[in-house]
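# Notes for the structure review
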Amino acid sequence: MALFAQPISMTIVPPVRKPIHWGQVATGSIALLVLALMVLAVGRNQSVQWSEIPRYMIDPVILGGVALTLELTAGAMVAGIVIGCLIAIMATSQNIVLKAIAVAFVWWFRGVPLIVQIFFWFNIALFVPEIGFGYWSVSVNDIVTPALAGFLALGLHEAANMSEIIRSGLTAVDRGQREAASSLGLRPLQTLRTVVLPQAVRLIIPPTGNQAIGMLKASAIVSVIGMQDLLTQAQAIYARNFLVIELLCVASLWYLGITTIASIGQHYLERKLAPKGRSNSGKLSMGTPARRQ
């Protein structure tokens, strides 16, 4: 055994310089140049009165359309989630009749274009002119207003989409957990409420947020039946003052602002519902491996 340890030679490794990817630099520079030219061309356009856009952003008529758009989106999403839950439970049940009804519901309301459904509900009085019992009757046109027609079309269309999302989340839970809960004496409804749903909700929330954002943008379709939403109010204003591009920019900015806020809220909700063993990037966080004794 040596009395003195051998000297340790330390070699300083120079830092590795990252190579310059000239192809990426060139494509990035070209993209920035094209973007700058587009912004310059739009900004110098004399046919658009850009100063009118901030004024109409806070116009009371536009704000009323924004409020109605948010109300329609929220109402249709709530109705879609509630009805979608019922349809998803029917689709996963053992009852053949309920399952067939659920399949037919999804087949119809997902297959027919949304704008066709809006026109159908708006003109439902041509099929059912009035409803009544005995001597009492009321015209369907008095009940199915443009607001209700848009709500029914958006809500039922969303219910068909949400039922598939919820059904996929329910079936993603391992069947063995249902059997284990049944062996412990839990009833099917208790198993669904205490075992299946807490796990399925983590799979259901992200696509539900995407559906809500899509619903906000799809609500603009109700302008075809004269509902006083954001786009309809913008169209009504530019029909009087001919500021078409300016009012469309106002509507676009409002839609972008609302969807951006909704996307941020969806992001933080997903992080809160993410499993604790996962990092922010979605990968499992690995600890340091155990040392062998």
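Refer to the structure printed above.
Here goes a summary of the coordinates provided. (Residues numbered from 1 in each chain as written. Predicted model: local features only at pLDDT ≥ 70, side-chain atom pairs only at ≥ 80, totals over all residues. Heavy atoms only, no water.)

## Points about the overall build of the protein
If you tally the helices and strands in the protein, you get eleven helices and two strands. The N-to-C order of helical and strand elements in the protein reads α-α-α-α-α-β-β-α-α-α-α-α-α. The buried share of the protein, taken over its 293 residues, is 30%. By sequence separation, contacts in the protein at least 24 residues apart represent 73% of the contacts at least 6 residues apart. Just so you have it, the protein exposes about 20200 Å², and 68% of that area is on carbon and sulfur atoms. (Helix = DSSP H or I, 4+ residues; strand = E, 2+ residues; numbered from the N terminus. Buried < 20%, exposed > 50% of the residue type's maximum accessible area, 1.4 Å probe, protein only. Contact = heavy atoms within 4.5 Å. Areas by Shrake-Rupley, 256 points an atom, 1.4 Å probe, with all protein chains shown as cover.)

## Let's talk about the side chain of serine 219
Within the element layout of this structure, serine 219 appears in the loop between α9 (188–218) and α10 (230–241). Owing to a relative accessible area of 0%, serine 219 belongs among the buried residues under this scheme.

## Focus: the packing of aromatic side chains
Here the structure, examined in full by the defined rule, presents three aromatic pairs. Seen from their ring centres, phenylalanine 105 and phenylalanine 109 are 4.6 Å apart, and the 45 degrees between their planes marks the pair as tilted. Separated by four residues within a single helix, phenylalanine 105 and phenylalanine 109 lie in helix α4 (residues 96–111), roughly one turn from each other. Their ring planes at 55 degrees and their centres at 6.4 Å tell us that tryptophan 107 and tryptophan 108 sit as a pair that is tilted. The exposure class assigned to tryptophan 108 is partly exposed, which follows from its relative accessible area of 45%. Residue placement shows arginine 55 over the ring face of tyrosine 56; its charged tip is 4.4 Å from the ring centre. (Phe/Tyr/Trp six-rings, centres within 6.5 Å; stacked < 30°, edge-to-face > 60°. Lys NZ or Arg CZ within 6 Å of the ring centre and 35° of its normal.)

## Side note on the pairing of strand β2 (residues 136–139)
The pairing of strand β1 (residues 130–133) with β2 spans four bridges and is classified as antiparallel. In the strand pairing of β2, glycine 132 is matched with serine 137. Here β1 hands over to β2 after two residues, with glycine 134 in that stretch at a positive phi of 70 degrees. (Pairing = 2+ DSSP bridges.)

## So, unusual backbone geometry
Phi is positive for phenylalanine 242, close to 65 degrees, though the residue is something other than glycine. With respect to the secondary-structure elements, phenylalanine 242 resides in the loop between α10 and α11 (244–273).

## Concerning the packing of helix α3 (residues 60–91) against α10
Between α3 and α10, whose axes approach to 7 Å, the crossing angle comes to 160 degrees. The pairing of α3 with α10 is recorded here as roughly antiparallel in orientation. At the point where α3 passes α10, the crossing takes the right-handed sense. Residues Val61, Ile62, Gly65, Val66 and Thr69 of α3 form the contact with α10, whose participating residues are Leu230, Gln233, Ala234 and Ile237. Considering only residue class, the contact of α3 with α10 consists of six nonpolar, three polar and no charged. (Axes fitted to C-alpha atoms, helices over the stretch in contact; angles between N-to-C directions. Parallel < 35°, antiparallel > 145°, perpendicular 65-115°, else oblique. Left-handed = near helix turned anticlockwise from the far one by under 90°. Nonpolar A, V, L, I, M, F, W, Y, C, P; charged D, E, K, R; others polar.)

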